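Examination of the molecular architecture
Listed below, chain by chain, are the residues.
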Amino acid sequence: MDFSQKLKELRQSKNLTREQLAQRIDFDPSIIGYWERGQREPASKALKALAIFFDVTTDYLLGLEDEFGAKIKL
């Protein structure tokens, strides 16, 4: 699963709209849509904010580890 799919899944698991998520992490709502459609990739500041908000690692968001923390071989 790639970043855009993980983000959408995490957002939906908390029953949040894109606008609500954007407000909580202090980003513009349109950027959430770009990320979820895979049209843009988040910068490190955004990755950090998302990881903290969803209580996951940045490696998980980037597809470098699974939900259990095991590293994924590329």
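Values in this document were obtained by computation on a predicted structure and should not be read as measured data.

The next subject is the packing of helix α2 (residues 18-25) against helix α3 (residues 29-36). Relative orientation of the contacting elements α2 and α3 amounts to 115°, with a least axis distance of 8 Å. Overall, the two elements α2 and α3 adopt an arrangement that is roughly perpendicular. Remark: the crossing between α2 and α3 carries right-handed chirality. Counted together, R18, E19, L21, A22 and I25 of α2 and P29, I32, G33, W35 and E36 of α3 form the full contact between these two elements. Grouping the amino acids of the contact of α2 with α3 by side-chain chemistry returns six nonpolar, one polar and three charged.

As a further point, take the side chain of R11. The residue R11 is located in helix α1 (residues 3-13) in this model. Take R11: its relative accessible area is 8%, and that puts it in the buried class. Contacts of R11, omitting those with residues within four sequence positions, involve L16, T17, R18, L21, E36 and F54.

All right, on to the side chain of E36 then. With respect to the helices, strands and loops of the structure, E36 is situated in helix α3. For E36, the side chain forms a polar contact with the side chain of R11, separated by 2.5 Å.

Take the environment of P42 next. Among the structural elements, P42 can be located in the loop between α3 and α4 (44-54). A relative accessible area of 14% places P42 in the buried class. Separated by ten residues in the primary sequence, P42 and I32 have C-alpha atoms spaced 9.2 Å apart.

What counts, and where the lines are drawn
Residues numbered from 1 in each chain as written. Predicted model: local features only at pLDDT ≥ 70, side-chain atom pairs only at ≥ 80, totals over all residues. Heavy atoms only, no water. Axes fitted to C-alpha atoms, helices over the stretch in contact; angles between N-to-C directions. Helix = DSSP H or I, 4+ residues; strand = E, 2+ residues; numbered from the N terminus. Parallel < 35°, antiparallel > 145°, perpendicular 65-115°, else oblique. Left-handed = near helix turned anticlockwise from the far one by under 90°. Contact = heavy atoms within 4.5 Å. Nonpolar A, V, L, I, M, F, W, Y, C, P; charged D, E, K, R; others polar. Buried < 20%, exposed > 50% of the residue type's maximum accessible area, 1.4 Å probe, protein only. Polar contact = N/O pair within 3.5 Å; in protein donor to acceptor, adjacent residues only side chain to side chain.

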